[in-house]
Amino acid sequence: MRWTGRSPNWSASNTSQRHPPKSGWLNLTRLSYLLVGVWASIGAIATAINFIPALALERQTQIFFFSIRGKVTPPDNIVILSMDQESLAQGETYQRDPTRYPELAPIETWPWRRAAYANVIEKLLAAGARSVSIDVILADPSSYGLEDDQTLRDVIRRHPNQVVLANSYETFGTPETGELGQIVNPNPDFEAKANNLGLINFAADPDGRVYRFSEVFINQVVVPQDLGTDIVSFATATVQIHRLSQNQSIEVHPAGENIFFYGPPTTFKRIPFWHVLDSTNWEFHLREQTFRDKIVLIGPTASYFQDFVRTPFSETMPGVELHANAIASLLDNRAINEAIPSAPLRGLVVLIGVAGTGFLFNRFLKRTDSQMLMALGVALTWAILGYISFVFANLIMPTAVPVIAIVLSGLSSLTTGAISNRLEQLRLRQTLERYVAAPIVHEILTNYSEAYQALLKGRKVKAAVLFCDIRGFTSFSLQLEPEQLVEQLNDYLNAMVEAILDAGGTVDKFIGDAVMAEFGSPISEGEKTDALNAVRAALGMRQALVNLHQQWQQQGKVLFFNGIGINFGEALAGDIGSVRRREYALIGDAVNVASRVEGLTRKFWTDILITESLYELVKDEVEAVCVGEHELKGRGQNVVQLYSLIGLKGGDQTSYRYIHDQLRNQKNLKESHEA
């Protein structure tokens, strides 16, 4: 809606004009785009430089993906021979009855005899095991004597291509004096060769969890210190020995550097270590062929050893089971790799994805709730694609950072949009409340988006149209100085507008000193109510003029009168005008008739004339005098029956009598001058 002349202007089409106002919503829209760019840039940079908090977020996402995916059945050719609490307790069993359980003598006390490992290796390989890998550092000479070490040496000699021993990287010294790193190998008396050794160390991520193969640790720590060129991981050594036993190529080239975790602890089959030594249990495993064609990993699982590692699935996964996951990942070729190996390129993908999404919903979606829903939808889709890629293709896509950036972009648009809408509504309310009745303002603002768009479209409405004009304004204006004229005119117009608004009307426009108002547009309360509201407005304007006369008389100001014409009929409402200037207006025959009727008030020396179409709607509520049928300028032979409005039935007629007495005096004075 737009008011011209002396009033402030508002147009529903302002935002599309060539010279839109530099209002807050425009700045907030730019701010929304800016914030999208900020979030996209932050996410892209954090991804491109492998920013540690960003990496931590991505790792947390992968943990979440693992938890959703759940346990995956591991290869059945990997068995853990568990150095568990039950096996440690067998020393007491032996001590209670040594003659009954002589085979348990090697594990009577910790550390166990090397003969225990030698005996177990021999029995496992004899039972058909492909290889045996021992996840225990056997660096020091046996406390049971040289013969004990030689027992294990002899077994390794007999099976050089089926046994893997563990070595490790350890540091000595302090940060103050300097730390030195070295590889701790098994006892040289074992005469183990390079292909029998595997490093058990892993590189933990900043969150303290292990995600990647031991090769990452070797490349980051061992190789830079030039501690050996033939060092391989425990998992790689085990896979090589296994393939060697099957006459396959021993080359190991994982597709990625991340381990495919099959599940939480106990996902891989565990057999207590002591079962192999105990004749009764061993006979059972021989019958069941428990170890036939298996890769057997011997390692501690009891809490006594404190050999636990934080992984995506657990805070306390035994180290030997971590090795089992790594070995299985290599055997099944399930290593997990980055979908985009280059970090800068990953950052570019994040930038394009986040910025593109933000641009799309800011450009094509005007409702802030729709923008937020789109942001959430895109973020969810991105997360789902990340999950599918991770679980089914073993590829890591940047997920957490772009998803968070997209959601933040949506929230930014939602926030700036909400602020913009609120500011626009406040501005609109401030404007409307000066020219539109409060209930109508509330209705428009309550259904803001729907009403706002509806106002722009051309539509036919039935409304009561009111015109009010000052009698003899030209001669009146010549009697006063400009400042006095403007002041008195503003007092008058303010009183007329207040009367219109109090009656539920809408001020359409000011045309010089004339006021046009309608009742039933943009919001209708029903034809009869709209017509009656127009009558109440006219009567209120009459009373307001009487009050002004009393005030002006006391101030010694010139008195003037007005004429009001009201018609009810069909008109066209819509956003009308040129590209440079548009206004929401009411046009049509009903408007023209109301304007012509107002002009006839001078002819009949009355202040308010209403047409028959309006009178028929309110005749039961008002008192009026019929002044006959009259032709109106521009309507040819069509005549309109008019009524001079006295007031509401049973209402006070004091103001009517005052105005008409004054008008009668003016008429008599004019006639006397003419005579």
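Residue numbering note: each chain is counted from 1, following its sequence as written. Restriction of local features to residues with pLDDT of at least 70 applies here, the model being predicted, together with a cutoff of 80 or more for giving and counting side-chain atom pairs; totals for whole chains, interfaces and linings are based on all residues. Excluded from the side-chain calculations are hydrogens and water; all other atoms, namely the structure's heavy atoms, are used.

For the purposes of this entry, the term helix denotes a DSSP run of H or I that reaches at least four residues, the term strand denotes a run of E that reaches at least two, and both are numbered from the N terminus. Within the chain, the regular secondary structure consists of 22 helices and 19 strands. Whether a residue is buried, partly exposed or exposed follows from its accessible area with a 1.4 Å probe, protein chains only, as a fraction of its type maximum: under 20%, in between, or over 50%, in that order. A burial count over the chain gives 51% of its 675 residues as buried. In the chain, of all internal contacts separated by at least 6 residues, the share reaching a separation of at least 24 is 74%. Note on definitions: a residue-residue contact is assigned when non-hydrogen atoms from the two residues lie within 4.5 Å.

Within the element layout of this structure, Ser413 appears in helix H14 (residues 400-435). Using a relative accessible area of 1% as the deciding quantity, one classes Ser413 as buried.

This paragraph deals with helix H18 (residues 482-502). One less than the residue count of a helix, multiplied by 1.5 Å, gives the span that helix is expected to have. The first and last C-alpha atoms of H18 sit 30 Å apart over 21 residues, in line with the 30 Å expected at 1.5 Å per residue. What H18 keeps buried is the set Leu485, Gln488, Leu489, Tyr492, Leu493, Ala495, Met496, Val497, Ala499, Ile500 and Leu501. Positive backbone phi, approximately 85°, marks Gly504, located one or two places after H18.

Glancing now at the packing of helix H8 (residues 234-245) against helix H11 (residues 319-331). Packing of H8 against H11 leaves a shortest axis separation of 9 Å and a crossing angle of 50°. In terms of their interaxial angle, H8 and H11 are classed as oblique. The hand of the H8/H11 crossing is right-handed. Residues Phe234, Ala235, Thr236, Thr238, Val239, His242 and Arg243 of H8 pack against His323, Ala326, Ile327, Leu330 and Leu331 of H11. Counted by class, the contact of H8 with H11 contains seven nonpolar, four polar and one charged residues. Orientation is described by lines fitted to C-alpha atoms, with helices fitted over the stretch in contact, and by angles between N-to-C directions that extend from 0 to 180 degrees. The scheme is simple: roughly parallel for angles under 35 degrees, roughly antiparallel for over 145, roughly perpendicular for 65 to 115, oblique for anything else. By definition, any crossing whose near helix is turned counterclockwise from its far helix by less than a right angle is left-handed, and any crossing with a clockwise turn is right-handed. Polar here means any residue other than Ala, Val, Leu, Ile, Met, Phe, Trp, Tyr, Cys and Pro, which are nonpolar, and Asp, Glu, Lys and Arg, which are charged; Gly is therefore polar.

Attention now goes to unusual backbone geometry. Omega for the bond connecting Trp110 with Pro111 falls within 30 degrees of zero, at 0°, which places this linkage in the cis form. Topologically, Pro111 is positioned in the loop between helix H4 (90-96) and helix H5 (114-126). The linkage connecting Ser521 with the following residue, Pro522, adopts the cis geometry, with an omega of 5°. The residue Pro522 is located in the loop between strand E14 (514-519) and helix H19 (527-555) in this model. The phi torsion at Glu191 lies on the positive side, around 55°, for a residue other than glycine. On the secondary structure map, Glu191 appears in the loop between strand E4 (178-184) and strand E5 (197-199).

With that out of the way, let us pick up the packing of aromatic side chains. Two aromatic rings from Phe, Tyr or Trp, using only the six-membered ring of Trp, form a pair when their centres are within 6.5 Å; if the ring planes differ by under 30 degrees the pair is stacked, by over 60 it is edge-to-face, and anything between is tilted. One pass over the structure, following the stated rule, counts 19 aromatic pairs. Where Trp282 meets Phe291, the ring centres are 5.9 Å apart and the plane angle is 25°; that geometry is what we call stacked. By definition here, charges over rings are those cases where NZ of Lys or CZ of Arg is within 6 Å of the ring centre and within 35 degrees of the ring normal. The cationic tip of Arg59 hangs over the ring face of Tyr211; the distance from NZ or CZ to the ring centre is 4.2 Å. The aromatic ring of Phe364 is capped on one face by Arg363, whose charged end is 5.3 Å from the ring centroid.

What follows is about H5. With 13 residues, H5 extends 18 Å between its outermost C-alpha atoms, agreeing within 8% with the 18 Å of an ideal straight helix rising 1.5 Å per residue. Listed in full, the buried residues belonging to H5 are Arg114, Ala116, Tyr117, Ala118, Val120, Ile121, Lys123, Leu124 and Leu125. Just past H5, the residue Gly128 takes up positive phi, approximately 105°.

The share of residues in the chain with pLDDT of 70 or more is 89%, and the mean pLDDT across the chain is 87. For the stretch residues 1-26, pLDDT sits under 50, and the model shows 68 contacts to residues farther than four places along the chain or on other chains. Known as pLDDT, the predictor's per-residue confidence is scaled from 0 to 100.

Should their charged atoms come close, side chains of opposite charge can pair. Here a salt bridge means any side-chain nitrogen of Lys or Arg lying within 4 Å of a carboxyl oxygen belonging to Asp or Glu. Per the stated rule, a full pass over the model turns up 20 salt bridges. The shortest N-O distance in the salt bridge between Asp205 and Arg212 comes to 3.4 Å. In terms of burial, Asp205 and Arg212 fall into one category: buried. Between Arg664 and Asp661 there is a salt bridge, and its shortest N-O distance comes to 2.8 Å. Residue Arg664 and its partner Asp661 are both found in helix H22 (residues 654-674); the two are separated by three residues, about one turn of the helix. According to the relative accessible area criterion, Arg664 is partly exposed, its value standing at 45%. Taking relative accessible area as the criterion, Asp661 reaches 36% and is therefore assigned partly exposed.

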